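Structural features, examined
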Amino acid sequence: MTTTATGSRVLPHPAREEIRLEAVLHALSDPMRLRIVRDLARDEDELSCSYFDLPVTKSTTTHHFRVLREAGVIRQVYRGTAKMNGLRRDDLDALFPGLLDALLDAAARQADRLGTGADV
């Protein structure tokens, strides 16, 4: 387990070799978490937690980010008072080539089919 620290705030992240397929698939099985990952993949830059306007409580949003981070799907770091989120695309692509792109493509097709646009 590696940690990312800024000041005294440390967030645990699995090292690349610790990321498990089952954890990644579980993390991406929730519509809100998949929505977060789709936004991160589309932007290709770090986004603050406040960027995401999810139709859930703040504590539930925090839970979703924690599940994604602990599964190794995203990396979270503090920049000042903001918690920034970035997709761990390099790690995921190295471990599971094509998986992330296939899931993102399938999610986009589903959103189009259901007429939900960016919402999953």
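This write-up is about the structure you can find in this document. If you're wondering where the values come from, they're calculated on a predicted model, not measured in any experiment.

Attention shifts here to the pairing of strand 4 (residues 74-79). Across 6 bridges, strand 4 lies against strand 5 (residues 82-87) in antiparallel orientation. Bridge pairing in strand 5 links Arg79 to Ala82. Hairpin remark: strand 4 followed by strand 5, antiparallel, with 2 residues in the connecting loop; positive phi at Gly80, about 65°.

If you look at the biggest cluster of nonpolar residues, it comprises 25 residues, and the most contacted ones within it are Val37, Leu68 and Val73. Elements with a contribution of two residues or more to this core: helix 1 (21-27), helix 2 (31-43), helix 3 (58-71) and helix 5 (99-114). By residue number, the principal contributor to this core is helix 2, which donates 6 residues. If we skip the residues at most four places from it in the chain, Val37 touches Leu28, Leu68, Val73, Leu87, Leu100 and Leu104.

Turning our attention to the pattern of salt bridges. Taken as a whole and judged by the stated rule, the model has 10 salt bridges. Asp101 is the partner of Arg89 in a salt bridge, and the nearest nitrogen-oxygen pair spans 2.9 Å. One end of the pair, Arg89, is in helix 4 (residues 89-95); the other, Asp101, is in helix 5, with 12 residues separating them in the sequence. The class for Arg89 is partly exposed, based on a relative accessible area of 26%. Put simply, Arg16, Arg75, Arg88 and Asp91 are held in one network by salt bridges that share partners.

We now examine the packing of helix 2 against helix 3. Helix packing for two helices is described by the angle between their axes and how far apart those axes are. Running from N to C, helix 2 and helix 3 point in directions that differ by 70°, and their axes come no closer than 10 Å. What the angle tells us is that helix 2 and helix 3 run roughly perpendicular. In this structure, the crossing between helix 2 and helix 3 has a hand that is right-handed. Contact residues: helix 2 offers Met32, Arg33, Ile36 and Val37, while helix 3 offers His63, His64, Phe65, Val67 and Leu68. The residue makeup of the contact of helix 2 with helix 3, split by class, is 6 nonpolar, 2 polar and 1 charged.

Moving on: the side chain of Arg69. Relative to the helices and strands, Arg69 is located in helix 3. Within the buried set, Arg69 has no salt-bridge partner at all; the shortest N-O distance to an opposite charge, 4.6 Å, is to Glu70. Setting aside chain neighbours within four positions, we find Arg69 in contact with Leu11, Pro12, His13, Pro14, Ile74 and Gln76.

Cut-offs applied
Residues numbered from 1 in each chain as written. Predicted model: local features only at pLDDT ≥ 70, side-chain atom pairs only at ≥ 80, totals over all residues. Heavy atoms only, no water. Pairing = 2+ DSSP bridges. Helix = DSSP H or I, 4+ residues; strand = E, 2+ residues; numbered from the N terminus. Core = buried A, V, L, I, M, F, W, Y, C linked by side-chain atoms within 4.5 Å. Buried < 20%, exposed > 50% of the residue type's maximum accessible area, 1.4 Å probe, protein only. Contact = heavy atoms within 4.5 Å. Salt bridge = Lys/Arg side-chain N within 4 Å of Asp/Glu carboxyl O. Axes fitted to C-alpha atoms, helices over the stretch in contact; angles between N-to-C directions. Parallel < 35°, antiparallel > 145°, perpendicular 65-115°, else oblique. Left-handed = near helix turned anticlockwise from the far one by under 90°. Nonpolar A, V, L, I, M, F, W, Y, C, P; charged D, E, K, R; others polar. Lys, Arg positive; Asp, Glu negative; His and termini not counted.

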